[in-house]
Each structure stands twice: as structure tokens, then as C-alpha cells.
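What follows is each chain in one-letter form.
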Amino acid sequence: MTSMTTPGIVPGRLSAEDYARNFDDIYPDFDPHEAMVAADRCYFCHDAPCITACPTEIDIPLFIRQIQAGQPEAAGKTIFDQNILGGMCARVCPTETLCEGACVREMAEGQPVEIGRLQRYATDRLMAEGGHPYARAEGTGKRVAVVGAGPAGLACAHALAREGHDVVIFEAREKPGGLNEYGIAAYKTPHGFAQEEVEWILGIGGITLRHGMTLGRDITLDGLRGEFDAVFLGMGLGGVNALGVSGDDRGNVRDAVDFIAELRQAGDLAALPVGRHVVVIGGGMTAVDAAVQSKLLGAEHVTMVYRRGRERMSASDYELDHAATAGVKIITGAMPMAVHGNGAVREVEFAYSVEGPNGLAPGDERFRLPADQLFRAIGQTLDGAPEGLVVEGGKIAVEGAGKTSVPMVWAGGDCTAGGEDLTVTAVAQGRDAAADIHARLMG
Amino acid sequence: MADLTSEFLGIKSPNPFWLASAPPTDKEYNVVRAFKAGWGGVVWKTLGAEGPPIVNVNGPRYGAVWGADRRLLGLNNIELITDRPLEANLREIKQVKRDWPDRAMVVSLMVPCDEESWKAILKRVEDTEADGVELNFGCPHGMSERGMGSAVGQVPEYIEMVTRWVKTHSRMPCIVKLTPNITDIRKPAEAAKRGGADAVSLINTISSITSVDLDNFSPEPSIDGKGAHGGYCGPAVKPIALNMVAEIARDPALADLPISGIGGVTTWRDAAEFLALGAGNVQVCTAAMTYGFGIIKELTAGLSLYLDQKGMTLEQLQGRAVPNVTDWQYLNLNYVTKARIDQDLCIKCGRCFAACEDTSHQAISMSPDRVFDVIDEECVACNLCVNVCPVENCITMERLPAGVVDPRTGDTVSDDHGDWTSHPNNPMARAAE
């Protein structure tokens, strides 16, 4: 019988109930009583710090007051007015570093108003009403191409469609949603919410979605510029950084993003194999998501290794605590030196890092971790920037509301330089680029 | 532990907390539970005249107003006087008084406005050996439509007349319960005194509609789509009650009239305030109806601790604030204060700024990093910032010492008393010169 201690990479380490429990909603929706109790804690601050901390500047005190006043649907509208992906952001935003981190009650009591969960309460209720809360303006006859159906592309497309423009979204993968569909831990957005949300957003009308269209292969920027009045690029980061150590081409060494995507698309989690010993290299959200989900799939030992100190990890303290609670061991200050094994990985060798004159360098002290599976999560890269675009630090250079170096081409989301690589940041950039595109097209 | 033993009109009770005449005192079962919990006394729920018992509505009787976290701030009711047979009530009153001789047992009464009715009921109450009676001239709903309750309490002549009947036909101490649904509380109190009342108790409930159902447009509590005004009580009415108690207590013509304070007493602090404003004891209802009889432990322990901390007796507390209740015209206009914000306590919510900037005197500044400061040149010391701040003692009012120039007026602060009666802008003051 297969269990957590079964050697190798095998499926079915847990019972059906364990899988269901492990991958269910991590924070279930508030019931109305919970929502009222949580909403009552909001002070309706003047020029509220939570709004300032939100990349999409949702009027948080207003929407919470609307919940207090018994109109969660109106609260939902307040949220969507600023952030059409408010439902997803309520689930995946690192609120502890954004709105809730800025909440004055965090300062006062170390216990912020639960803004994220209240946002979900409001957005879920408005979405459950069916239909779509916005109407399209009269058609402008203008056509805009959007590359990538992720958060940036969807936010941009919705805002443009609302203004009356016709939008075509070109998406490389089978399903829309981008990282919402392929890249976020399953327990943060279970029950097919990502697809449900895309469908709801498309309810505005005027948006055509075309799948299997990869920029540079099926379409070109020049081609799009010829066919459309404006172009928005929101294709995210398609490439990943390599480890660059000996043996990193051994079997069962994978990119964490592929593992996460596979898990998100898995129909039956019990059929998804996972190692007994899993090692994840990296210190960001992708590393945390891969590590935690490996544990939730039944891996006995999961270790996350990051080359610098904990304070430098881009994953928040909250996420790291969550990983630790899930049973992930976190090692900091160690860098991979070699992947050992006979064909497939069996051990990963690390050196404790030392700060030298030329930056971080491996020290003399070494250790090895047993590994059936090794996940790389050391950053993603722009996979082949379109011809003619200025690239800066490996990402598309933009100015203002996402203007690129090419006329009538805008960009936003993870593929651009600037802003944190968060869903909510991508939404803000897509939305703001749309406003700029609209002004330009109608000016 | 300070001694809380109380004597009101010669009626002794182990503490000054009585349960007011209301649903909690409608029958033996409740009252015994209250006495077991430690309540000092009860005013038994109002008895009516002999005959078929009163009927109540069979739908909801209460409506409410809530604060944050659904904390009950105000309650209204459309319940009438006791709907149990007179016999049953009298039998239970007698039994409870016999079983709990150290507790105060006062019986609330409301019968038609004729001498015979009062004479009849008084005889029967005396037989119970209760300690006294309270005349319900206060209930604003239901019974008032039948010429009783506040219909009597709103006409001083009726108060005087009925009180006189009661004092003529009974030896029992008589407390007249006043309705706040009038313009000047001193008039009914004077009438009660003229009629021979031994004390007044106040306030009874305030005529109210708590809310409207916005689907069927019925006032709440809704009875088959209709609503009638009820009587409002609870923490929300305390300020009204305190003022009315003080108005009587500071009236020289009424100064010797004992007062039983009623209206939103929820914690020991509320009770201490009523006592300080001249009440001889307090009656409690809504707090008990909200939290149960167990609150008596906090009320008694809290009042006792407070008296210990102040080194005061219960008697010394009573009326202590009365000399400080005055008229606006006597308030010292040379008392100049400014708001002060404790930056260590400030949580940067900005509510003081919004309140002052939008609705008051633009006397609070806000820096880009959310530091809030008082602009003394603009601050009139209105206290709104103190009141809207969610953190207690974060914003306080500090007095400018004499000799300092108030940057708002440019005037040097004087330590002389100076009020409106002598102010140069007061034409009456000039006329007097």
C-alpha cells in the first residue's frame, strides 16, 4: 500500500479524503454573520492607508461600509469598479503586505480588518447574481489586440470592451486565465474559479478569445500592428532561469511552474505522482507554492532552499509561516552546487553561502539533501521579446501607463519592468494601459 | 469592600440595584432567579385592576437599535402591563417577599383613573406585605390609549390627584414613575410632590419607532404589516434620563424629593453617574434583558471598588455632581482648552482630521506620512476629535494656563471666572450695568 514513506515518485500517497481536504479552499467564504462581525471592525479611515496600499486602489472603507449597510452586491460593484479581477485578487493577494498590512488596526492591535475575505464575500455575491454589472459603450469601430489572457490582458480587454472597442485576445495556452489558471496554488482558488471568473469578465461582450496563438510563432507584433489599431502585450514570463550546476539535466529535475501547472490541470490529484523526498530551490511565491503543494500531495520530506537570508525571500512572512505549518522545512543561506544521481536525481549538494567581494559565493561547508524530485523556482524570464521592443533588465521597458518603445503598443503585467509580479499589479497595469489606449484612440 | 447596603424611603436592600418594573419582574420564577443572582430588589411588573387580564400582541413585542458587533444600544417594546391574573401576581409577591425579606419588593400599579379602582388595588397590595408601590404614569404605548400610563403622567393635575388617592388609602411608601414624553420633567415631579409622593422614579420609556421594514413598509416590531410606537429604553436613553434626574435634583423646590434613577444603566459606572446626579438608587431593565441577571456581579463589585478607590460611602456619592449641574450662562468662558494628540497612541486612522476638516474648524493638520497635529490657531476645543477617535485617551483636551495667549483669539487667558452674564456681548449684561 502506497503511503508518504513509499520510496520514489509515486501517485496516491494519501487517502481520497486527505486530497480533498488538503486542496479545498484555504479560507472558505465568510457566512453573512462572519462578514458583519469582520466589517464592523472597519474604522472608515480618512484617506485610508489600505487604499494607498492596494495597487488597484479599491475604495476599501467604502465597500466595507456597504457590507455593514447590508448591501454586499453594491460592495462588489465598488471593488469591480477598480479591479475587474477583484474576485481572484481577494483569494490570491498577499494582503498581509498590501491592504491588511496597512490597516490601522494592524498597527493598533496586530489584527487587521480581514479585507481580503470581506472582498471575496462581496465579489462572490455580486458574481453569484449572474449577468454582468457593466454595459458596453456604443461601438467605436476601433480594434485592439491583446496578447495573453492573464490578469493584465483580461483587465485591459475588459476596460477596452467597456469603452466600445472590439478586442481580440491571443492566448498561447489551451485555457485563458494565465497564472490564475496555471500558476497559483490550487487551494487558493479551487472549484474552477479562474475559468468562472474569465467567463464572467467576458460577459461584457466585444471580446474574442483565440487560443493556441503564441507571439513569435503564430502571430507577430508587426502583423498585429498592421491588423489592429492598438496592441497590448500581457504575455507574462514564458521562460525560466536554469540552475547552471552540474547534473541539473538529470531526470526528475523540473521547473516548479510546470509542476504547479500540471497540478492545477490534474483531474484527479491521487493520480499525480510526487516524490518521497522533494527539494525546491528558490525563495519566492512559486517556490512556496511548489513546496507546500508537494507536501499536500503526500511527500514525506519537502525542503525549500534559498541562497540568501529569510529577509531577502520575496515570499512574505505569512506565506513562509504557512509553508512551515504545512511541514515544509526552510533552509536559508545555501546555494546548490551539484545534482547527484544515476540518471535521475538522488541527492542535491549545497554549499552554505558567504558574502564575498564579488557578491554571494559558495563557502567551504557543504551538505547533501536526498531528493527524488528537484524543483527549480529561481525566477522566470521573458521568453523571446518581440522584435523591435526595447528590453530592460530582461523585461519589456515601458513608460507612463504601459507605453512601450513601439508606437501604439502597450504592455503590462509580469512581462514588463516595474511593479511587483502580483496578480493585482498586473490588473492595475492592464486597466491603466486600457485607459491610455482609449484616450489615444479617441483623442 | 464598600458597604452597598441601601435604604430608599426606609426600604432596605443589600445594594442599590433594583430591577425595574418590566418583563424580568413579571413572575416569581424570574424574581427568585434575580434574587439568587444578587439583585437588591425589584419593582414587580405593573399590576392592573381586577378583572379579565390584559392581552398582549402575539407577534413580536420588541424592536432594537444596534451598534458595532450588533451590540444592543436601544430596545423598544409594545408589551403592556402584566397579562397574568391579578390573584396569581399577588400570591407570588407575598410568597417572594416572605422568602426574601431582605430584598426590596415594590409593586408597580396602573389602574383606571378613578379613586375606587386605586383604593381597591392598594388594599390588596398591602396584604402582600410588599415594601411599597410605584405608580406607573409612564408607559407611552397601549395603556395610554386607554387613559392610563403616560396619559396620566403627561397631565400634572392627574398625577397629583391619583397620588393623593394613593396616599389617602395606603400607608405604603409611594413612588411616582414619570414619563419622559413631556417638555419639562419638573412639572410632573412637582405635581407628584404636591400629591404627597414619597419619591419619583424616572425615566419610563420614550415613545419610539426603532425602524421600518423596507420591503413591506411596516414599522418594527411589525404585527401583520402594521406597527405602533413603542417605549424606548437601554443605553441609548441614558443621557436623556441623566438630564431629567439632574433637572429634578437641582431644583430647590424638589431637592428633598428622593429619586430612583432609571434609564440605560448597564455598568456600575452608569449607576454611579445616576447616584452622583442625585438618585438614591437605580433601577435596571434592558441590561438584564440583554445579558441576563449575572450582570449584577459586575454592578455591585464595580460600584463597591469605585467607592473604595474614592474613599467614599454610598451616601457621600449620592448627589455629589448635583452642585456642578448649572445653566449655560454660568459656564466659565475663560476656561480655554486645546486638543492634544498623543502620537504614541495614535493609530493614524485620520477620523479626527476628516471630522475637523469636513465638519468643524479645520484645526487638525495631516502630513503626507499621516501624522495628525492640532493647529492651536484654529482649535476651538469643540471635542469632536476626542469623540470620534477610536482610541481612548489618544486625544485629550488640555487647559491653557492663565497668562498664556490663546493663539486663536490673541487674548491672554485669564484665571478669573467670566461667563455670559457679564460678557460684553450680552445686551442683558450691559443693561444691568
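Cut-offs used in this document
- Residues numbered from 1 in each chain as written.
- Chains lettered and ligands numbered in written order.
- Predicted model: local features only at pLDDT ≥ 70, side-chain atom pairs only at ≥ 80, totals over all residues.
- Heavy atoms only, no water.
- Pairing = 2+ DSSP bridges.
- Helix = DSSP H or I, 4+ residues; strand = E, 2+ residues; numbered from the N terminus.
- Axes fitted to C-alpha atoms, helices over the stretch in contact; angles between N-to-C directions.
- Expected span 1.5 Å × (residues − 1).
- Buried < 20%, exposed > 50% of the residue type's maximum accessible area, 1.4 Å probe, protein only.
- Arc of directions from axis to C-beta.
- Contact = heavy atoms within 4.5 Å.

(A) Broad picture of the sheet that holds strand S7 (residues 253-255) of chain A. Residues and elements named next belong to chain A. The strand order across the open sheet formed by 5 strands is S7-S15-S9-S10-S11, and the pairing between neighbours is parallel. Two strands bound the open sheet, and with one partner strand each, they are S7 and strand S11 (329-332). In this sheet, adjacent strand axes meet at a mean angle of 20 degrees when their direction is disregarded. Note: strand S9 (residues 277-281) against strand S15 (residues 373-376), 4 bridges, orientation parallel. The partner of Val278 across the bridge, within S15, is Gln373.

(B) View of helix H3 (residues 115-126) of chain B. Residues and elements named next belong to chain B. In this model, H3 (12 residues) spans 17 Å end to end at C-alpha, consistent with the 16 Å of a helix rising 1.5 Å per residue. Those residues of H3 lying buried are Ser117, Trp118, Ile121, Leu122, Val125 and Glu126. The arc that holds the buried residues of H3, viewed along the axis, is 155 degrees, so those residues lie on one side. Elements that come into contact with the buried residues of H3 comprise helix H2 (86-99), strand S7 (104-109), strand S8 (132-136) and helix H5 (156-169).

(C) Summary view of helix H10 (residues 295-310) of chain B. Residues and elements named next belong to chain B. Between its terminal C-alpha atoms H10 stretches 23 Å, which fits the 22 Å expected from 16 residues at 1.5 Å a residue. For H10, the complete set of buried residues consists of Ile295, Ile296, Leu299, Thr300, Gly302, Leu303, Ser304, Tyr306 and Leu307. Looking at the packing, one finds that the buried side of H10 touches strand S3 (17-19), helix H1 (28-37), helix H8 (268-276), strand S16 (281-284), helix H9 (286-291) and helix H11 (314-317). Backbone geometry just after H10 places Gly311 at a positive phi near 60 degrees.

(D) Structural view of the pairing of strand S13 (residues 344-356) of chain A. Residues and elements named next belong to chain A. Here strand S12 (residues 334-342) pairs with S13 via 8 bridges, running antiparallel. Directly across from Gly341, in S13, lies its bridge partner Val345. Here S12 folds back onto S13, and the loop between the two strands holds 1 residue, one of which, Gly343, carries a positive phi near 90 degrees. Across 9 bridges, the pairing between S13 and strand S14 (residues 359-370) is antiparallel. Bridge assignment links Phe350 to a residue of S14, and that residue is Phe367. What sits between the antiparallel neighbours S13 and S14 is a turn of 2 residues.

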